[in-house]
Protein chains: 2
Amino acid sequence: MLQTLHRVTILGPRLSFGSRPFSVSSILRANRAVVYTQTGDPSQVLTTVTYDALPSPAPDTLNIRFLLAPINPADINVVQGVYPAKPSLTSLVEGHEVFVGGNEGLAEVVQVGTGVSGLTSGDWVVMTKAQAGTWASSRNVRPQDVLRLPRADGLTEVHGATMTVNPPTAYNMLNDFVTLEKDEWVMQNGANSAVGQAVIQIAASRGLKTLNLVRQRPDLDDLTRKLKALGATKVLTYDDLADRALTKTIVKDWTAGKGIRLGLNCVSGKDTTAMARLLGDDAYLVSYGAMSKEPLSLPTSLFIFKNLTTAGFWQSRWYKTHTREDKENLMRTLVDLVSQGKLKEPEHEILSIGAEESDEAAGQKIRDIITKMSAGQYGKKVLLRFEGAQ
Amino acid sequence: MLQTLHRVTILGPRLSFGSRPFSVSSILRANRAVVYTQTGDPSQVLTTVTYDALPSPAPDTLNIRFLLAPINPADINVVQGVYPAKPSLTSLVEGHEVFVGGNEGLAEVVQVGTGVSGLTSGDWVVMTKAQAGTWASSRNVRPQDVLRLPRADGLTEVHGATMTVNPPTAYNMLNDFVTLEKDEWVMQNGANSAVGQAVIQIAASRGLKTLNLVRQRPDLDDLTRKLKALGATKVLTYDDLADRALTKTIVKDWTAGKGIRLGLNCVSGKDTTAMARLLGDDAYLVSYGAMSKEPLSLPTSLFIFKNLTTAGFWQSRWYKTHTREDKENLMRTLVDLVSQGKLKEPEHEILSIGAEESDEAAGQKIRDIITKMSAGQYGKKVLLRFEGAQ
């Protein structure tokens, strides 16, 4: 217990273990994690702690070392306590139960316990258990909570660290609701989101056409070029949908009167109502987000007379309701797309926490970036890396 | 041509055939129909005409005589031109193309043309072709547009005349979306509608429990008793859903925490948002109407995190997309329920047009009742009968 505690540095306004914080300035920071003891404003509740090197793994477990872990928008909602998926308490620091932030990440297997098969040191693994606590240097995990990620030419750490949430969401939404033939259209809003960009690329790899909706913005031409470079067929703004002549052209000329049978929504609100009206008969509108924070509001006539179906997609549920084989197949499919150059790294920046930085400084860096991300439209994916982790 | 015209009496503000109307006061009114030549306000465009007895049916057609035909709310929308299903012009009165009102009805086969098999004089038939024009004494039809209705103990003309729209809507919505086990719950709004009452009875016949939502009203106790007599398990008002303690009781106690997996909606608007929140995981919300004239507005989180699916149901589409065998099976199933006393006649009144009434008087009667029905909440189903038709 003392052995553990003397290496723990606890900083941050609302996290305190015991009556006085330990102040340790220049010890070896073997392991670090971004943790919290109660949900709330991330700039208040998040802190960084240093903890001991992990002991050798118990039977049927393994130790992994995280290489990169994204800070996804949903992760922030989990910290805030406003997301349906809840983190679980872990005693990363012995005797002190904390929540470890982070749901997604790429790790390397460091050591496997007896009874673990199919995984060896040096393998790359990703998380299939939700809220695994990936904002950490090292974790001891159960083999069923991770999935081996096959190595492939062109597959980077950034790809690996962002492989279990956005690309599978895009892939599954394109597959699970409507059987689309080559040259059929998919319509999506929030097309510049990480999922949106994956949709564009995966659809293009299948010969599907995409109608991509984005907000009006000063750099619309640049964005349009960027999305088209990924494989987007058309890029329009939500405002464009008010143009009757254009929407007629879309339905009659672009889609040859066939109608668009799949719409993907991460916005909701009135712009999505306009989008839904553009869908053809027997279409599915699949929601995976609601950036407008408005409800999804649709004329009932679309359901009754155009046979519209609206559904939702949540990759976390997919993992819960699918077999290990399904998950392995999905990862193999996505890795194949990467190695064929058909699925690029998301735009990103890496937030490195140096081995020599104090926990206080590290915590502040993370709180700062999350504050910026919470302000909205940060644009790039932020990936966390703890340097010098063992 | 003259032969035809001298029996036609055309009255009504906006319908005129030729330059001067014929005034015929006391001739034999062999056949009459409620017709219009352009869509619009039913009190302006609907009129009643008398027309000749039909000639013997051409090969592969048959002549039928309507016994009873309902005036359904959707029929009024068709006349108004605001319904997706459009009527087709027919030359009921030779040389003058008109729309004949009415979509549903019970008819008796009068005479079959050569080549028609499976139907003989005296058989009861119902319409499977939408907008067949049932507000008429007699029609010449194709065999594929009608379905023989098996006679059964307890099956009345009222049952027959109301058998192709509301009971199948109820039956199919209970079957096509979610596989419900005995003792599972179905929730519906507009529970006092004709479809709602059919839902209650068909659900009860299968051992399903129903949570029925209705508007607050002075005679709520009477309505509750009436719906419970049909087999309703629980009856609540929309206002009741604001009561958190009650909604907790519904979810925890009534449904034993299992969650309601099927909701049926003919209202939309905010009351339906509250209803949707009460549904359990993996539920379907199926819409078949929108009496509030408000959109269906739902938090996107219900789709993503509770896996809600919303769909629509339109019996007209069902007929278009199903085989004759499917339709025969459906009618047989419903007739069986009637003969077992499990599906009662809807509350109704019969609007009889006497053989001696002038077309003008008949037209006025029909326009008056439709004006009353259009004002909303008429309560009873109105069935049209032309007396003395041959």
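About the thresholds
- Residues numbered from 1 in each chain as written.
- Chains lettered and ligands numbered in written order.
- Predicted model: local features only at pLDDT ≥ 70, side-chain atom pairs only at ≥ 80, totals over all residues.
- Heavy atoms only, no water.
- UniProt positions renumbered as here; feature names shortened; annotations may be inferred.
- Helix = DSSP H or I, 4+ residues; strand = E, 2+ residues; numbered from the N terminus.
- Buried < 20%, exposed > 50% of the residue type's maximum accessible area, 1.4 Å probe, protein only.
- Lys, Arg positive; Asp, Glu negative; His and termini not counted.
- Charge placed at Lys NZ, Arg CZ, Asp CG, Glu CD.
- Phe/Tyr/Trp six-rings, centres within 6.5 Å; stacked < 30°, edge-to-face > 60°.
- Lys NZ or Arg CZ within 6 Å of the ring centre and 35° of its normal.
- Least-squares fit on C-alpha atoms with pLDDT ≥ 70 in both.
- Contact = heavy atoms within 4.5 Å.
- Salt bridge = Lys/Arg side-chain N within 4 Å of Asp/Glu carboxyl O.
- Arc of directions from axis to C-beta.
- Domains from an automatic or database assignment.
- Buried area = accessible area lost by both parts, 1.4 Å probe.
- Polar contact = N/O pair within 3.5 Å; in protein donor to acceptor, adjacent residues only side chain to side chain.
- Nonpolar A, V, L, I, M, F, W, Y, C, P; charged D, E, K, R; others polar.
- Expected span 1.5 Å × (residues − 1).

By the naming in an unreviewed UniProt entry, chain A is enoyl-[acyl-carrier-protein] reductase, taken from Mycena rosella. Of chain A, the UniProt comment under Catalytic activity (unreviewed entry) reads exactly: "a 2,3-saturated acyl-[ACP] + NADP(+) = a (2E)-enoyl-[ACP] + NADPH + H(+)". The annotation that UniProt attaches to chain A under Sequence similarities (unreviewed entry) is "Belongs to the zinc-containing alcohol dehydrogenase family. Quinone oxidoreductase subfamily."

## Let's talk about the overall build of chain A
Across its full length, chain A carries 13 helices and 18 strands. When the backbone C-alpha atoms are referred to their principal axes, chain A occupies close to 75 × 45 × 35 Å. A burial count over chain A gives 54% of its 390 residues as buried. Taking the average place of the 43 positive charges on the side chains of chain A and the average place of its 40 negative ones, the gap between the two points comes to 3 Å.

## So, the packing of aromatic side chains
The final tally for this structure, using the stated rule, is 14 aromatic pairs over all chains. An angle of 75 degrees between the planes, with centres 5.1 Å apart, marks the rings of A:Phe305 and B:Tyr83 as edge-to-face. Note that A:Phe305 is positioned in helix H10 (residues 300-305) and B:Tyr83 in the loop between helix H3 (73-80) and strand S4 (89-93), a pairing that runs across two chains. A relative accessible area of 14% places B:Tyr83 in the buried class. Where B:Tyr36 meets B:Phe99, the ring centres are 5.2 Å apart and the plane angle is 40 degrees; that geometry is what we call tilted. Of this pair, B:Tyr36 sits in strand S1 (residues 31-36) while B:Phe99 sits in strand S5 (residues 96-100), placing them 63 residues apart in sequence. Here a set of aromatic residues connected by ring pairs shows up, and it is made of A:Tyr83, A:Trp314 and B:Phe305. One Lys or Arg, A:Lys234, reaches over the ring of A:Trp254 and ends 4.3 Å from the middle of that ring.

## Describing the relation of the copies chain B and chain A
Each copy of the sequence occupies a distinct position, and chain B is placed on chain A by a rotation of 180 degrees and an axial shift of 0.0 Å, giving an RMSD of 0.0 Å. Seen this way, the second copy is the image of the first under a two-fold rotation axis. Looking at the rotation axis and the C-alpha trace of chain B, the residue lying nearest is B:Ser297, at 2.0 Å. Comparing contact sets, 100% of the residues at the interface of chain B also lie at the interface in chain A, consistent with an isologous, same-surface contact.

## Examining unusual backbone geometry
All names here are of chain B. The backbone of Asp183 shows a phi angle near 75 degrees, a positive value even though the residue is not glycine. In this structure, Asp183 sits in the loop between helix H5 (166-175) and strand S10 (185-188). Backbone geometry at Lys293 places phi at a positive 60 degrees, although glycine is not the residue there. Along the polypeptide, Lys293 turns up in the loop between strand S14 (279-287) and strand S15 (296-298).

## Overview of the pattern of salt bridges
Residue and element names in this part refer to chain B. Within the structure shown, the criterion is met by 24 salt bridges over all chains. When the shortest N-O distance is used, the salt bridge between Asp123 and Arg148 registers 3.5 Å. Highlighted residues: Asp123 in the loop between strand S6 (106-112) and strand S7 (124-127) and Arg148 in strand S9 (residues 146-148), separated in sequence by 25 residues. For Asp123, a relative accessible area of 14% gives the class buried. Arg148 sits in the partly exposed class, given a relative accessible area of 42%. Taking the shortest distance from any N to any O, the salt bridge between Arg324 and Glu328 comes out at 3.7 Å. Of this pair, Arg324 and Glu328 both sit in helix H12 (residues 324-339), 4 residues apart, which is roughly one turn of that helix. With relative accessibility at 35%, the residue Arg324 sits in the partly exposed group.

## Points about helix H3 (residues 73-80) of chain A
Residues and elements named next belong to chain A. Within H3, the full set of buried residues consists of Asp75, Ile76, Val78 and Val79. Along H3, the residues classed as buried sweep out an arc of 155 degrees about the axis, all on the same side. On its buried side, H3 packs onto strand S1 (31-36), helix H2 (42-45), strand S3 (62-71) and helix H13 (359-374). Taken from the residues just after H3, Gly81 is the one with a positive phi, measuring 80 degrees.

## Considerations on the domain arrangement of chain A
Residues and elements named next belong to chain A. One can read the domain layout of chain A as domain 1 (2-162 + 345-386) and domain 2 (166-317). For domain 1 versus domain 2, the distance between C-alpha centres works out to 34 Å. Counting residues at the interface gives 8 residues for domain 1, matched by 8 residues for domain 2. Contact between domain 1 and domain 2 buries roughly 570 Å² in total, counting both sides, with carbon and sulfur atoms accounting for 43%. Our count for the domain 1 to domain 2 interface comes out at 1 salt bridge. A salt bridge links Lys226 to Glu347, with the shortest nitrogen-to-oxygen separation between them at 2.6 Å. The tally of links between domain 1 and domain 2 comes to 2 residue pairs in polar contact (both at pLDDT 80 or more). Here the residues of the side of domain 1 that touches domain 2 are counted per class, giving 4 nonpolar, 2 polar and 2 charged.

## Some remarks on the side chain of A:Thr134
Residue and element names in this part refer to chain A. Relative to the assigned elements, Thr134 resides in the loop between strand S7 (124-127) and strand S8 (138-141). At 2.7 Å, the side chain of Thr134 forms a polar contact with the backbone oxygen of Glu104. Not counting chain neighbours up to four residues away, the residues in contact with Thr134 comprise Phe66, Ala69, Gly101, Gly102, Asn103, Glu104, Gly105 and Met127.

## Observations regarding helix H13 (residues 359-374) of chain B
Residue and element names in this part refer to chain B. Its 16 residues place the ends of H13 22 Å apart at the C-alpha level, agreeing with the 22 Å of an ideal helix rising 1.5 Å per residue. The set of residues buried in H13 consists of Asp359, Ala362, Gly363, Ile366, Arg367, Ile369, Ile370 and Met373. The buried residues of H13 occupy an angular sector of 165 degrees when projected down its axis, which confines them to one face. Backbone geometry just after H13 places Gly376 at a positive phi near 100 degrees.

## Here we look at the side chain of B:Gln315
Residues and elements named next belong to chain B. For Gln315, the location among the structural elements is in helix H11 (residues 315-321). Here Gln315 falls in the buried class, since its relative accessible area comes to 4%. A polar atom in the side chain of Gln315 sits 3.0 Å from the side chain of Asn172. Residues within four places of Gln315 in sequence aside, it is in contact with Thr164, Val165, Pro168, Thr169, Asn172 and Leu330.

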